[in-house]
Every structure is written in structure tokens, then in C-alpha cells.
Amino acid sequence: MFNGKRLSGWMALAVFATVGGAMVAADPAFAKVDVDKLTIGGEIRERYEIRTNSNMNQGSPLSSKGNESQGSHRVRVNVGYDLTPDVSFFAQIQDARQFGSEGVNAVGTTGIQAVSQTNANQTGVDLHQGYILVKNVLVPGLSLKAGRQEIMYGDHRLFGNFNWSQVGNSFDAVKLSHNTQSVDVDLFWARIFDNAATTTQAANNNIPFPAFANNTGNTGTTTAAQDIYGLYVTLKPVANWTIEPYLFMLRDSRPFALGQTNNVGATAISQAQTQAQNRNFLGGRVNGKAGGWDFTYEGNHQFGSIADTCSRSSGTAAGCGTLAGQAGIAGQVTGSRGAHINAAQHAVRTGFTFDAVPMKPRIGFEVDYASGDKCSNGARAGDNNACGQSKSSYSLADNLYPTNHFHYGYMDLMSWRNMVNYAIKFDVKPSPVSKFQVDYNIMRLANTQDNWYRAGQAQYFVSKSTNQAASLGQEIDVHYWHTFKEKFKFEIGVGHFFAGEYLQKSVGNLSTSNGCTQGSASNGLTCADNTATQSQNWGYVMGSILF
């Protein structure tokens, strides 16, 4: 990263000609820049990734295993400027895409016509961050950050920048922070989704800053949105230890059957951050080090209400095929918030680093848990309305907006939803700028009748109604990281997943009428009589340059 003192006059002129030359020409005030207050930086990252048998040999036909191979890149350019010691702005433009995504799908479309089209995956050039930061607002230590920004807390389990992704996470948010020597307090609001920006509710687009819809999904006078509010406190009682209580409140007023094109599948109650719910996360994190030991615990209780997908306008819940939530009440409609949320998440991690030993080896252990619910897929034969009118709560945990990549196996096969994960981690540092690491994970379902949710929180496999197998499998990962001259970072990793009883039970001599796989059609995992369950392999190589 370069600061203004290292920039020559021609470089500063070139940067502003690129970013806003037209603005400078139109308004000479933009040219009055003190380059000593200007910061410019960025990143170029290239990655090649391969995955074999993504379908776990559950594809149809069986020869369709879902092998994947992909090259991708990310380019980020940052511009920061300190208007005063207490007022600054920051903007980060990124281009993130798969190699070859400029082309269109039409046969015979090549050359300049192809590369002039919008890239197929709709990522392309975007504003990743862009905010104003004001420090010492009213009182010393109080700051205000408004605009698009990354939000990260703790170990990124609920809020993370998801830096593994070439696109990453960022939020349109307003955040107040107050920092002292003994305590830090963050209070924020972020809007994740706003229907007024879509064409699905065109009649509401005349509302400049929409509010929310009512619980029944009526949108005649207001528009629906997804917002999240957060309070995160960091207490620092002693050196190297923090206690971090938090409260997050997800408020989603979108109609239950909205079916947005960029929210496909959200009408399922098991969809992550599904619409028509109020979900609260009350929890905390304890983190610290003592001697060679390190320890982290994070856990939360989730409560609130969620749409139950059951129509009870006649005053009875009889015949409801999915979670009903409570006894029928006359006048209730499909999607009313009759189900009470009662979910939990816990994670414990500890390890010891042998600082006196060459290469400073560390061995660590981790246990992760997140609750599931047997009614995520609706009522099952013979359960006597257990997912109907007598069912009053829903216990599938939500993972919010995390960085799951480095927590539950680097192959990204697990999220913090309906899971139990046991991990052993070992690493050494051959040099101060390199690291070699081996991880071993044992993956299980918390509730065998709920689904297997991948790192992106979507259903990876939909469990059969008769499933009683909890063992998903085991994963081993091997990684190596190295930094050259502080600016170039290189990493390489491989992983292997050994299929467990859950997948083995999904194959064999079962007929299609009995549901011969656990698969989800949305993932290309269809029903097939398969007696050869196989495991999955994954690997990547990546390099990035910081400037």
C-alpha cells in the first residue's frame, strides 16, 4: 500500500484520471487534493480449484459425478482520503469473476461480441466497500461508519467478510462504535434485501425509503425488506482475554411466498435467512491465551417467530403438510408467523503451542454443534401430527452471514446448521512467513431427520423420511501458506472426504419408490439405485499480490 508521501504528482493525477477524471474536469474542487492524506492500495488474486465427485456418486446417470474445475480471479483497488483527522472516506472497487465468464451461451458467439456482454455469473465490477468514517462524534472514542462495509465479529461464525470467496461479504450499514481501554461497544443496522429495488413490487417503487410489510405479506401500502440489527460488546478484563456478549436481531418482513429470483427456494422453512421471520441471537464469546494455551468458546440461543407455511384460515390445522406451529386460529393465513424459534449453536476450541520447540508446533481440538429440526421437510408418515398442530416450535439454527471456510473443513461441506463436528488440528511454522497445517474433521448430523447443509447454508442433501444415520463422514485437509517479500502470498491445499453411513444408507437395493438417495434435485442429486458410494476430493492453488 502506498501513502501520499510516496506518490509523485503524475501518479496522483493518473489515479484520479482513472477513478474520476470526468468529475475533476467538471468541478475543479475535486482537483484540490492533498496527496499526503491520500492512500491507495489493492490486491490481485488468482486461483485454480478442482473438485471430484461433488455429487458423492449420487448423480443420475451414475456417470454424472459432478466433477468441477475452475479458474477465477479477483482484483481490488482501494482509495482512502483523510479529509480531517476525524473525517475520512474509503472506497474499494472489485472485479471478481470466473475465467471465461465474459462470453454468452449462444452457439457461435465469439470474439468482441462475446466479451462485450455482461459476464454470465453476474459478479463483474462492483463496489465492495464505500463508506464515510467520522471519529470522536460528540464524545471522544465514539465513531460513526455509514455506507457499504465489511462486518466481522469474533471468529466470523455469524458475521464475516468471507474472504475465501472471490466476491466476499459486505453490507449496506450504519455502525456506531465506542472504544475505550476496557470495553468496546458496536451498535449497527444493515439492510440486506429491499423489494423496492426490484420489479416484483413495482407498485411500491415510489417509496424512497421503504418500511416493511405486515406479517401476512400484504404489500399494498408498504414494501418488504430484510434488516438486521446488532449489539456487540467486547469486555477486556485482563490482558489477552476478552468476553464478548452480543445480540443480533434479524427482521424479515418479506411475504412468505415472495419467491424472488435471487432468493430461490426461500419459501422453504429450512432456507437460510428465509423470509417472514423475526429471529434473535442472544449469545457471546470468550477468547484468550495463557502460557502456551489458547481457548475460545462461542454460543447463542436463537428465539423469535417464523412463518410456518400452513394455511389455517378455517380455524383448524388439520391436513397441514408442513410445520403448523400452533393450534388453528380463525383468520390466520398461509405464512403467518405461528412457529416459535427455539435453536442453539455452540463451539469450543482449544490448543497448545510449543513455543520453545523449533517451528512452534500447535495441536488443537474443536467441537461444534448447531441444532436441527425434524420438521424441516414437513410432516412424515406415522408421526401423528408431530409436524402439525401439536408442533409449536422450530429448532433449526441459522448461520447468518459467516466465513465458514476455515471452521468445519476446508472443503466447504458443512455450515453451522444441524451439525456436530469434531476436529483435530496440527500445524507448524517452518519459517516466520510460512505455515503447514493438517486438519481432521468428523462430521455428523445433530438431528437425523433434518438435512445436510453445506457451507453456503443451502441443503446439500435432503434427508429421507426414514433416515436414522447421523454419520456424514470424515474429512482430512492439508495446507501450506507462504508469504514472499511481504506482498506476494502463495497457498496450496488438498482435501479428501470419506463418505459415512448417511450416504451409504442412501444407496444399495432400495427402489426409487422408497427414495433411494438422500439427494436434493436442486443440486443435481437425483434418485438412482447406486451401490457404489464414493468419496470426494478437492484441491486448489492460489496466489495474491498486495500493493
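In case you missed it, the structure is sitting above this.
Overview of the structure. (Residues numbered from 1 in each chain as written. Predicted model: local features only at pLDDT ≥ 70, side-chain atom pairs only at ≥ 80, totals over all residues. Heavy atoms only, no water.)

**Describing the overall build of the protein chain**
Part 1: Each helix and strand in the protein chain was counted, giving three helices and 22 strands.
Part 2: Relative to its 547 residues, the protein chain shows a buried fraction of 46%.
Part 3: For the protein chain, restricting intrachain contacts to residue pairs at least 6 apart in sequence, the fraction spanning at least 24 positions comes to 65%.
Part 4: Carbon and sulfur atoms make up 60% of the accessible area of the protein chain, which amounts to about 25,400 Å² in all. (Helix = DSSP H or I, 4+ residues; strand = E, 2+ residues; numbered from the N terminus. Buried < 20%, exposed > 50% of the residue type's maximum accessible area, 1.4 Å probe, protein only. Contact = heavy atoms within 4.5 Å. Areas by Shrake-Rupley, 256 points an atom, 1.4 Å probe, with all protein chains shown as cover.)

**So, the nonpolar core**
Part 1: Counting residues in each nonpolar core, the largest one holds 43 residues, and the members touching the most others are Phe159, Ile228, Phe248, Leu400, Trp452 and Phe497.
Part 2: Each residue touching Leu400, except ones within four places of it in the same chain, is listed here: Leu158, Phe159, Ile228, Phe248, Leu250, Gln273, Phe281 and Gln457. (Core = buried A, V, L, I, M, F, W, Y, C linked by side-chain atoms within 4.5 Å.)

**Quick look at the pattern of salt bridges**
Part 1: All chains considered together, the criterion is met by 16 salt bridges.
Part 2: Residue Glu49 is joined to Arg47 by a salt bridge in which the shortest nitrogen-to-oxygen separation is 3.8 Å.
Part 3: Judged by its relative accessible area of 17%, Glu49 is buried.
Part 4: One salt bridge connects Lys236 with Asp184, and the closest N-O pair in it is separated by 3.2 Å. With Lys236 in the loop between strand E9 (225–235) and strand E10 (241–252) and Asp184 in strand E8 (residues 183–194), this pair connects stretches of sequence that are 52 residues apart.
Part 5: On the basis of relative accessibility, which here comes to 28%, the residue Lys236 falls in the partly exposed class.
Part 6: Via salt bridges that share partners, Arg47, Glu49, Arg51 and Glu68 belong to a single interconnected network. (Salt bridge = Lys/Arg side-chain N within 4 Å of Asp/Glu carboxyl O.)

**Focus on the side chain of Ser395**
Part 1: Mapping Ser395 onto the fold places it in the loop between strand E15 (393–394) and strand E16 (419–428).
Part 2: Within polar-contact distance, the side chain of Ser395 engages the backbone oxygen of Gly372 at 2.8 Å.
Part 3: If sequence neighbours within four positions are ignored, Ser395 has contacts with Asn342, Ala343, Ser371, Gly372 and Asp373. (Polar contact = N/O pair within 3.5 Å; in protein donor to acceptor, adjacent residues only side chain to side chain.)

**What about the packing of aromatic side chains?**
Part 1: Enumeration according to the criterion identifies 27 aromatic pairs in this entry.
Part 2: Consider the rings of Phe159 and Phe171, whose centres lie 5.7 Å apart with planes at 55 degrees: the pair is tilted. Of this pair, Phe159 sits in the loop between strand E6 (142–149) and strand E7 (171–179) while Phe171 is found in strand E7, placing the two residues 12 residues apart along the sequence.
Part 3: Measuring from centroid to centroid gives 4.8 Å for Phe352 and Phe354, while their planes differ by 75 degrees, and the two rings are edge-to-face.
Part 4: One aromatic cluster is present, formed by Tyr153, Phe159, Phe171, Phe188, Tyr232, Tyr246, Phe248 and Tyr401 through successive ring pairs.
Part 5: In this structure, Arg47 packs its charged tip against the face of Trp164, placed 3.8 Å from the ring centre.
Part 6: Above the face of the Trp416 ring, Arg157 is positioned so that its terminal group lies 5.6 Å from the ring centre. (Phe/Tyr/Trp six-rings, centres within 6.5 Å; stacked < 30°, edge-to-face > 60°. Lys NZ or Arg CZ within 6 Å of the ring centre and 35° of its normal.)

**Side note on the pairing of strand E17 (residues 434–444)**
Part 1: As judged from the nine bridges shared by E16 and E17, these two strands associate in the antiparallel manner. Within E17, the position partnered with Tyr422 by the bridge is Ile442.
Part 2: Turn length for the E16-E17 hairpin, with the two strands adjacent in sequence and antiparallel, is five residues.
Part 3: Pairing of E17 with strand E20 (residues 471–484) involves 11 bridges; the strand directions are antiparallel. Each residue of the ladder has a partner; that of Phe436, found in E20, is Tyr480. (Pairing = 2+ DSSP bridges.)

**Quick look at the pairing of strand E12 (residues 293–306)**
Part 1: In this sheet, E12 lies alongside strand E11 (residues 277–290) in antiparallel orientation, the contact comprising 14 bridges. Each bridged residue has a counterpart across the sheet, and for Arg279 the counterpart in E12 is Gly304.
Part 2: Hairpin geometry of E11 and E12 is characterised by an intervening segment of two residues between the two adjacent antiparallel strands and by a positive phi of about 65 degrees at Gly291.
Part 3: Bridge count between E12 and strand E13 (residues 339–353): 14 bridges; the pairing is antiparallel.

**Thoughts on unusual backbone geometry**
Part 1: Unusually for a residue other than glycine, Asn136 sits at a positive phi of about 55 degrees.
Part 2: Mapped onto the fold, Asn136 is located in the loop between strand E5 (124–134) and E6.
Part 3: For Gln457, which is not a glycine, the phi torsion comes out positive at approximately 80 degrees.
Part 4: Accessibility expressed as a relative area gives 6% for Gln457, which makes it buried.

**A closer look at the side chain of Glu244**
Part 1: Locating Glu244 in the fold gives a position in strand E10.
Part 2: Among the residues examined, Glu244 registers a relative accessible area of 6% and is labelled buried.
Part 3: Looking at Glu244, its side chain comes within polar contact range of the side chain of Tyr232, at 2.5 Å.
Part 4: Sequence-distant contacts of Glu244, that is, excluding residues within four places in its chain, are made with Gly154, Tyr232, Val233, Thr234, Gly283, Gly284, Arg285 and Asn287.

**Brief notes about a nonpolar patch on the surface**
Part 1: There is a patch of nonpolar side chains on the surface, built from Phe354, Val357, Ile363, Phe365, Ile424 and Phe426 and spanning about 490 Å² of accessible area.
Part 2: Counting through the fold element by element, Ile424 comes out in strand E16. (Patch = residues over 30% accessible without salt bridge, like charges linked within 9 Å, V, L, I, M, F, W, Y side chains within 5 Å.)

Everything listed here is a matter of geometry and, on its own, says nothing about what the molecule does.
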